[in-house]
Amino acid sequence: YLVCIALHALASVLLFLLLLLFTSPLPAMLAALYFGFHPSLRCWLGWISAQTYHIELVTLLLIIMTLYKYLKTSSTFWLVAAQVLFALTLFLKEQTIFLPLWIIGAVALYRQTTATAPLPFSKYLARSVRFTLGFWLITLGYLAARLANLPFRADSQNIGFQLGWQAFVARQSERFYEFVSYFSDILGTNIIPPGHPLLKGAIIALACLGIGYLCINNKHKRISVFLLASIPLFSWPSIIRYHHPRYS
């Protein structure tokens, strides 16, 4: 239990330091505190089998920080360090398998916002694709190693639906309340005692309206959309199969 707490505390500090690179101390501290004391932690903090999630998150934050160092210094050391950390976390827990896709958007947005003479966004995207080639090679190597040792089986009992778009869509249409729990866990409304669905629904609706208002009324709409899209990208197990608070 203490190991889980130590890892989570380390992730909270790293998150604060990472946010501090892009914003002022107060919002960085508030976001780190919200993450550090998120209500959903009471559901799973301390599970032995869940320690991999804490380690994975710490490594993910280190990857982002090393990538930032590379973008600031152009030192190959930081890029290699990010790629090595990505390989380690991928073989530990494959939830970060979509990280190269996220890096494409993140690096393109960063380079555009920091450029003295901005180019069309498509050019930054093209350069970011080339930038992530090493990460894609690591991903392909992981998939090849996984398939060689654990051959793919279309087992509907494990994934919850038959392979195919129709079965997938039908399965997702039955998971309305599961997705409500997903948003509830992200927003921290699970601190409210059971039996108050209307209150939770109202809080979720108000939060969505507030986030939508902030996204519309700011100068960095593209960054806002990217950050919102990052939420389902990194919590894809909740979207594809089933939701658990630790996936949030």
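Residues numbered from 1 in each chain as written. Predicted model: local features only at pLDDT ≥ 70, side-chain atom pairs only at ≥ 80, totals over all residues. Heavy atoms only, no water.

Peer 1: What am I meant to see in the packing of helix H3 (residues 51–73) against helix H4 (residues 76–92) here?
Peer 2: Relative orientation and spacing of two packed helices are given, respectively, by the angle between their axes and the distance between those axes. Between H3 and H4, whose axes approach to 8 Å, the crossing angle comes to 160 degrees. In this view, H3 runs roughly antiparallel relative to H4, as classed from their interaxial angle. Helix-helix and strand crossings are classified by hand; for H3 and H4 the assignment is left-handed. Counted together, Thr-52, Ile-55, Glu-56, Thr-59, Leu-62, Ile-63, Thr-66, Leu-67, Lys-69, Tyr-70 and Thr-73 of H3 and Thr-76, Trp-78, Leu-79, Ala-81, Ala-82, Leu-85, Phe-86, Thr-89 and Leu-92 of H4 form the full contact between these two elements. Its residues placed into classes, the contact of H3 with H4 shows twelve nonpolar, six polar and two charged. (Axes fitted to C-alpha atoms, helices over the stretch in contact; angles between N-to-C directions. Helix = DSSP H or I, 4+ residues; strand = E, 2+ residues; numbered from the N terminus. Parallel < 35°, antiparallel > 145°, perpendicular 65-115°, else oblique. Left-handed = near helix turned anticlockwise from the far one by under 90°. Contact = heavy atoms within 4.5 Å. Nonpolar A, V, L, I, M, F, W, Y, C, P; charged D, E, K, R; others polar.)

Peer 1: What exactly am I supposed to notice about the nonpolar core here?
Peer 2: Soluble globular proteins tend to pack their nonpolar side chains together in the buried interior. Membership of the largest hydrophobic core comes to 34 residues, with the highest contact counts inside it found for Leu-67, Leu-99, Trp-102 and Ile-103. Looking at this core, the elements that each hand over two or more residues are helix H1 (2–20), H3, H4, helix H5 (99–114), helix H6 (121–131), helix H7 (133–149) and helix H12 (221–234). Take this core: its biggest share by element is eight residues, from H3. Setting aside its immediate chain neighbours within four residues, Leu-67 contacts Leu-79, Ala-82, Ile-103, Phe-131 and Phe-135. Counting six residues, the second largest nonpolar core, distinct from the first, contains Trp-44, Leu-45, Ala-50 and Tyr-53. (Core = buried A, V, L, I, M, F, W, Y, C linked by side-chain atoms within 4.5 Å. Buried < 20%, exposed > 50% of the residue type's maximum accessible area, 1.4 Å probe, protein only.)

Peer 1: When you look at helix H2 (residues 25–36) in this model, what are you seeing that I'm missing?
Peer 2: An α-helix turns once every 3.6 residues. As a result, residues three or four positions apart point the same way. With twelve residues, H2 extends 16 Å from end C-alpha to end C-alpha; this agrees with the ideal 16 Å at 1.5 Å per step. Along H2, the residues classified as buried are Ala-28, Ala-32 and Gly-36. Seen from one end, H2 has its buried residues packed into an arc of 65 degrees, which puts them on one side. Among the exposed residues of H2, those pointing more than 90 degrees away from its buried face are Leu-26 and Leu-30. Considering only its buried residues, H2 is in contact with H1. (Expected span 1.5 Å × (residues − 1). Arc of directions from axis to C-beta.)

Peer 1: Explanation requested: the confidence of the model for the protein in the structure shown.
Peer 2: Detailed reading of the predicted model is not advised wherever pLDDT is low. Scored by pLDDT, the protein comes out at a mean of 83, with 89% of its residues at no less than 70. Mean pLDDT across the elements of the protein ranges from a minimum in helix H8 (residues 156–159), with 54, to a maximum in H4, with 93. (pLDDT = per-residue confidence, 0-100.)

Peer 1: What am I meant to see in the pattern of salt bridges here?
Peer 2: Per the counting criterion, the structure on display carries one salt bridge. Close ionic contact of Arg-146 with Glu-94 constitutes a salt bridge, the shortest N to O distance being 2.9 Å. You can see Arg-146 sitting in helix H7 and its partner Glu-94 sitting in the loop between H4 and H5, a full 52 residues away along the chain. Residue classification places Arg-146 among the partly exposed positions, given a relative accessible area of 35%. Given a relative accessible area of 27%, Glu-94 falls into the partly exposed group. (Salt bridge = Lys/Arg side-chain N within 4 Å of Asp/Glu carboxyl O.)

Peer 1: Quick question: what am I supposed to make of the side chain of Thr-96 here?
Peer 2: Following the sequence through the fold, Thr-96 ends up in the loop between H4 and H5. For Thr-96, a relative accessible area of 3% gives the class buried. Once you skip the residues sitting within four places of it in the chain, Thr-96 turns out to touch Glu-56, Leu-60, Phe-86, Thr-89 and Leu-90.

Peer 1: Help me understand the side chain of Gln-95, please; the structure alone is not making it clear to me.
Peer 2: Position of Gln-95 relative to the elements: it lies in the loop between H4 and H5. Take Gln-95: its relative accessible area is 10%, and that puts it in the buried class. A distance of 2.9 Å separates the side chain of Gln-95 from the backbone oxygen of Phe-234, its partner in a polar contact. (Polar contact = N/O pair within 3.5 Å; in protein donor to acceptor, adjacent residues only side chain to side chain.)

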